[in-house]
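Structural overview for review
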Amino acid sequence: MPDPGRPDVVGFALTYGSGTAIEPHTHPAHQLIHAISGAMRVVASGGIWFLPLGRALWIPAELDHEIRCDGEVGMRTAYLSRACPEVFADVRMIAVSPLLREVLVRLAEGDGGGLRPALLEILLQEIAGAGLPPLRLPYPADPRIAELVAHLNAAPADRTPLAQWARRLGFSERSLIRAVRAQTGMTFRDLRRYSRVMAAIERLCEGRPVTMVAYDVGFETPSAFAHAFRTVTGKTPRQFVAEARESS
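Please read these numbers as outputs of a predicted model, since none were measured by experiment. (Residues numbered from 1 in each chain as written. Predicted model: local features only at pLDDT ≥ 70, side-chain atom pairs only at ≥ 80, totals over all residues. Heavy atoms only, no water.)

With that settled, consider unusual backbone geometry. Unlike most non-glycine residues, Ser 45 shows phi in positive territory, near 50°. At Glu 62, a residue that is not glycine, the phi angle is positive and equals roughly 70°. For Glu 62, a relative accessible area of 42% gives the class partly exposed. (Buried < 20%, exposed > 50% of the residue type's maximum accessible area, 1.4 Å probe, protein only.)

Rendered as structure tokens:
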């Protein structure tokens with residue numbers, strides 16, 4: 001960990017097998033998490049953050065979080081002391097430019113003979129100007145809605161209708177509709193679509209073909225998948241993957 005009394009940074013290179021679960025924990029330093037291979041889901045600050053290639057997650061010091069790995073993950077992570085100036089006080093998703101990626105890799109290899117102060121300065125500048133709209137699902141406080149969200153994430157192609165979910169979870173259809181919106185800010189239909197797109201991103205970043213991914217996550221046609229993907233991310237699947245790979 002860096003020296004807490006002065007601006008400082010250290011980096012680490014870690015590899016985790018597919019399905020690895022890092023249980024809830026905190027760090028005394030700020031953390032920036034990035035994967036050069038694979039994808040991660042981070043549960044933090046009341047949400048599930050999806051972290052594919054090309055994106056990093058800023059986690060403030062002492063914030064409880066947990067990590068799930070989708071595929072084998074090559075993680076590059078940096079820890080920054082709380083004395084660092086102008087850092088975010090909340091969780092943020094960060095675009096990983098080629099420069100930021102190289103800084104994280106260099107930090108993971110060691111300080112390069114005293115380059116840490118310069119690398120820290122570049123890192124802070126990159127973080128400050130690289131915020132992105134989050135790929136995030138709210139983590140419901142109601143355990144029944146949390147069960148629904150977890151299932152949609154684990155089995156995105158499941159077509160179980162709303163009425164059957166209502167019976168399974170002990171709601172009327174109308175009360176389930178209200179509960180889903182209250183807990184996630186989405187309709188049931190939007191929640192299912194968003195979950196499918198997040199699952200698709202992870203598969204696309206593993207190199208799977210777009211058409212195969214579309215059917216794997218439950219869309220009836222590739223065109224329906226492309227429309228949903230653009231609605232959620234603002235990009236086509238191929239555009240998203242191309243930009244992610246430019247940063248990887």
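That shown, we press on.
Now for empty space enclosed by the protein. Under the definition given, this model contains one cavity of 30 Å³ or more. Put simply, the largest cavity is a space of about 40 Å³. Trp 58, Glu 86, Val 87, Phe 88, Leu 124, Ile 127 and Ala 128 are the residues that line the largest cavity. It is helix α2 (residues 116–128) that contributes the most residues to the lining of the largest cavity, three residues altogether. (1 Å grid on protein atoms, 1.4 Å probe; cavity = no way out; pocket = protein on both sides within 12 Å on 5 of 7 lines; lining within 4 Å. Points joined across faces, edges and corners; volume = space filled by probe spheres on them. Helix = DSSP H or I, 4+ residues; strand = E, 2+ residues; numbered from the N terminus.)

With that settled, the discussion passes to the nonpolar core. Counting 55 residues, the largest nonpolar core has Leu 176 and Phe 225 as its most contacted members. If you tally residues by element for this core, the top one is helix α6 (residues 188–205), at 10 residues. (Core = buried A, V, L, I, M, F, W, Y, C linked by side-chain atoms within 4.5 Å.)

Time to look at the pairing of strand β3 (residues 30–44). Here β3 lies mainly inside the structure; 12 of its 15 residues are buried. As paired strands, β3 and strand β6 (residues 65–80) are joined by 13 bridges and run antiparallel to one another. In the sheet register, Met 40 faces β6, and the bridge partner there is Cys 69. As judged from the four bridges shared by β3 and strand β5 (residues 55–59), these two strands associate in the antiparallel manner. Across the sheet, the residue bridging to Leu 32 is Trp 58, located in β5. Here β3 hands over to strand β4 (residues 47–51) after two residues, with Ser 45 in that stretch at a positive phi of 50°. (Pairing = 2+ DSSP bridges.)

Moving on: the pattern of salt bridges. Within this structure, the stated rule accounts for 12 salt bridges. Asp 8 serves as the salt-bridge partner of Arg 6, at 3.7 Å between the closest nitrogen and oxygen. Arg 6 sits in the partly exposed class, given a relative accessible area of 43%. What makes Asp 8 buried here is its relative accessible area of 6%. Between Arg 144 and Asp 142 there is a salt bridge; the shortest N-O distance is 3.5 Å. Note on Arg 144: relative accessible area 33%, which makes it partly exposed. A network of salt bridges, in which partner residues are shared, links Arg 6, Asp 8 and Arg 116. (Salt bridge = Lys/Arg side-chain N within 4 Å of Asp/Glu carboxyl O.)

This next bit is on the packing of helix α3 (residues 143–154) against helix α5 (residues 173–184). Across the interface, α3 lies against α5 with an axial gap of 10 Å and an inter-helix angle of 80°. One element, α3, and the other, α5, form an angle in the roughly perpendicular class. Touching Ile 145, Leu 148 and Val 149 of α3 are Leu 176, Ala 179, Val 180, Gln 183 and Thr 184, all from α5. When the residues that make up the contact of α3 with α5 are grouped by side-chain class, the tally is six nonpolar, two polar and no charged. (Axes fitted to C-alpha atoms, helices over the stretch in contact; angles between N-to-C directions. Parallel < 35°, antiparallel > 145°, perpendicular 65-115°, else oblique. Contact = heavy atoms within 4.5 Å. Nonpolar A, V, L, I, M, F, W, Y, C, P; charged D, E, K, R; others polar.)

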